[in-house]
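In case you want the letters, here they are:
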Amino acid sequence: MPKLEKKPDTMKLWVKSSCKELGQPLLAIAAGLLIGAVIIMAMGESVLEIYGAMFKGGFGTSFYFLATLTRSTPIILCGLGAAFAWRAGYINIGGEGQLIFGGFVTAVSALYLPFNGALGAVIAIALGMLAGGLYALLAAWLDDRFGVILVISTLMFNYIANYITYYFVSFPLKDNTGDGLVAKTLTIDKSMWIPRLGLVKGSTFHYGFFLAILVMLIILFIIKKTTFGYESRMGGLNKSFAEYGGVKRTKVMFITMFCSGAICAFGGSIEVLGLKHVYMHDMLKSPSYAWTGLMAALIANLNPVGTVICSIFLAGIQTGGAAIERSTNVPLEITMVIQAVITLLVSAKLLTRAVRARKVKIAKAAEGGAQNEH
């Protein structure tokens, strides 16, 4: 009787693959915390006391945990936006500019369009996402039409967005009802604010966090269940193979970059309607939401679920860092050192992978040339 082949255990394979993917990021996080510990000891402080205060300030009580989730919301969306583009092979590092335009256009739309309530909020958010998507799409068009490198254009666009919005909130759209010292818009009507949950007294936690989780689920569906998700994934793995298989690079790049920019812009919209209720200069730039989101995406190896988890972790470190600065002699910048080390180690993996792929490509090209000579 022929021996039946044993079917592979899908769950076991999935667990093994997940552990392999999580191993390197966890190692990077451990290394970052270790180097942070060395710096803390060099300052003559107790590592356990400082880290205890940091994690208590980020996750220790309901109030601090909800503050961490609130801070993580724009970070999650910027991380998801970056991961969506990077997975397809398009290095969008313009999340900050897209975040800024999203928040700015949402605030202006909420203030000056003749809509109020939930309808006004939805329209303002949609216009903010459209602005961020089109801003990212402009970089994609420059790449396709003139060969402008996507990394450079998206990076430069961050500065353009910041200074354009600074002009508007400093002059034509400035709120002059108060002392006029702060460059900001008028306050948005309360009927368009994203509601807060009120779980803990004084907490600013709002429903925007759950909207960010919804975006993650939509991205997972696109990646796993749609033709476009398959095409973008193939393009990210091997552009030549994808083009040979009939994938239209320009179409995929345009759609990917538009969606990436819209997702990042959504983070700005939520921050404006859920937390600040105005657009203020530097309110989205100075907290480094976009760059922290990019760190989270890299640590998670561009996995959407991992990006959410890493975003919450990094937001907790930042919230806890503010707590230790208030109560100890250790400055807030220690958290930036930890994040930078983690990102450096994760980025080293990506660089090693790229160098290895390039060597394989060169070797195959040399082998093909030798066969042609024969």
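Criteria and cut-off values
Residues numbered from 1 in each chain as written. Predicted model: local features only at pLDDT ≥ 70, side-chain atom pairs only at ≥ 80, totals over all residues. Heavy atoms only, no water. Helix = DSSP H or I, 4+ residues; strand = E, 2+ residues; numbered from the N terminus. Buried < 20%, exposed > 50% of the residue type's maximum accessible area, 1.4 Å probe, protein only. Contact = heavy atoms within 4.5 Å. Areas by Shrake-Rupley, 256 points an atom, 1.4 Å probe, with all protein chains shown as cover. Core = buried A, V, L, I, M, F, W, Y, C linked by side-chain atoms within 4.5 Å. Salt bridge = Lys/Arg side-chain N within 4 Å of Asp/Glu carboxyl O. Polar contact = N/O pair within 3.5 Å; in protein donor to acceptor, adjacent residues only side chain to side chain. pLDDT = per-residue confidence, 0-100. Expected span 1.5 Å × (residues − 1). Arc of directions from axis to C-beta. Axes fitted to C-alpha atoms, helices over the stretch in contact; angles between N-to-C directions. Left-handed = near helix turned anticlockwise from the far one by under 90°. Phe/Tyr/Trp six-rings, centres within 6.5 Å; stacked < 30°, edge-to-face > 60°. Parallel < 35°, antiparallel > 145°, perpendicular 65-115°, else oblique. Nonpolar A, V, L, I, M, F, W, Y, C, P; charged D, E, K, R; others polar.

**Observations regarding the overall build of the chain**
- When its secondary structure is counted, the chain shows 13 helices and 0 strands.
- Written out in order from the N terminus, the α and β elements of the chain read α-α-α-α-α-α-α-α-α-α-α-α-α.
- For the chain, the proportion of its 374 residues judged to be buried stands at 46%.
- Restricting the contact set of the chain to residue pairs at least 6 apart, pairs at least 24 apart contribute 75%.
- Summing over all exposed atoms, the chain offers an accessible surface of approximately 19,600 Å²; the carbon and sulfur share of this is 67%.

**Digging into the nonpolar core**
- Counting 90 residues, the largest nonpolar core has Tyr51, Trp86, Met257, Tyr279 and Ile338 as the members making the most contacts within it.
- Among the elements that take part in this core, helix 3 (residues 62–87) stands out by supplying 12 residues, more than any other.
- For tyrosine 51, the residues in contact, after removing those within four places along its chain, are Gly32, Leu33, Gly36, Ala37, Ile40 and Ile338.

**Considering the pattern of salt bridges**
- Summed over the entire model, instances satisfying the criterion amount to 3 salt bridges.
- Between arginine 249 and aspartate 143 there is a salt bridge, with its nearest N and O atoms 3.3 Å apart. Residue arginine 249 is found in helix 10 (residues 249–276), and its partner aspartate 143 is found in helix 5 (residues 117–146); the two are separated by 106 residues along the sequence.
- For arginine 249, a relative accessible area of 29% puts it in the partly exposed group.
- Assessed through its relative accessible area of 17%, aspartate 143 is described here as buried.

**Looking at the side chain of threonine 328**
- Looking at the element boundaries, threonine 328 is found in the loop between helix 12 (304–327) and helix 13 (333–373).
- A distance of 2.6 Å separates the side chain of threonine 328 from the backbone oxygen of isoleucine 324, its partner in a polar contact.
- A distance of 3.2 Å separates the side chain of threonine 328 from the backbone nitrogen of valine 330, its partner in a polar contact.

**Here's the deal with unusual backbone geometry**
- The backbone phi angle of asparagine 301 is positive, close to 60°, even though this residue is not glycine.
- Inspection of the secondary structure assignment puts asparagine 301 in the loop between helix 11 (289–299) and helix 12.
- With phi around 65°, leucine 302 is a residue other than glycine that occupies positive phi space.
- Residue leucine 302 is classed as buried on the basis of its relative accessible area, which comes to 15%.

**Some points on the confidence of the model for the chain**
- Per-residue pLDDT for the chain averages 88, and the proportion of residues at 70 or more is 85%.
- Per-element mean pLDDT across the chain ranges from 66 in helix 9 (residues 239–244) up to 98 in helix 4 (residues 95–112).

**Looking at helix 7 (residues 208–225)**
- With 18 residues, helix 7 extends 25 Å from end C-alpha to end C-alpha; this agrees with the ideal 26 Å at 1.5 Å per step.
- Residues of helix 7 that are buried include every one of Gly208, Phe209, Ala212, Val215, Met216, Ile219 and Ile223, and no others. Here the buried residues of helix 7 occupy an arc of 115° about the axis, which is enough to place them on one side. Residues Phe221, Lys224 and Lys225 are exposed on helix 7 and point more than 90 degrees away from its buried face.

**Comments concerning helix 5**
- An ideal rise of 1.5 Å per residue puts 44 Å on 30 residues; helix 5 measures up with 43 Å between its terminal C-alpha atoms.
- At the exit of helix 5 stands glycine 147, carrying a positive phi of roughly 75°.

**Re the packing of helix 2 (residues 47–60) against helix 12**
- Helix 12 packs onto helix 2 with a crossing angle of 115° between their chain directions and a minimal axis gap of 7 Å. The interaxial crossing formed by helix 2 with helix 12 has right-handed handedness. Across the interface between the two elements, Ile50, Ala53, Met54, Phe55, Gly57, Gly58 and Phe59 of helix 2 pack against Ile312, Phe313, Gly316, Ile317, Thr319, Gly320, Gly321, Ala323 and Ile324 of helix 12.

**A short note on the environment of isoleucine 299**
- Tracing the sequence through the fold places isoleucine 299 in helix 11.
- Look at isoleucine 299 and you get buried, because its relative accessible area is 2%.
- In this structure, the C-alpha to C-alpha distance between isoleucine 299 and isoleucine 342, residues 43 residues apart in sequence, is 7.4 Å.
- When near neighbours in sequence (up to four residues on either side) are disregarded, isoleucine 299 contacts Pro25, Ile29, Cys310, Leu314, Ile342 and Val346.

**Re the packing of aromatic side chains**
- Inspection of every chain in the model, using the stated rule, returns 15 aromatic pairs.
- Seen from their ring centres, phenylalanine 104 and phenylalanine 168 are 5.9 Å apart, and the 40° between their planes marks the pair as tilted. Pair noted here: phenylalanine 104 is in helix 4 and phenylalanine 168 is in helix 6 (residues 150–170), with a separation of 64 residues, a long-range link.
- Feature note: the residues Phe104, Tyr167, Phe168, Phe171 and Tyr279 constitute an aromatic cluster, connected by ring pairs.

**Comments concerning the packing of helix 2 against helix 3**
- Contact pair helix 2 / helix 3: the axes reach a minimum separation of 6 Å and the direction vectors enclose 80°. In this view, helix 2 runs roughly perpendicular relative to helix 3, as classed from their interaxial angle. Packed against helix 2, whose contacting residues are Lys56, Gly57, Gly58 and Phe59, the element helix 3 presents Tyr64, Phe65 and Thr68 at the interface.
- Residues belonging to the contact of helix 2 with helix 3 are distributed by class as follows: 3 nonpolar, 3 polar and 1 charged.

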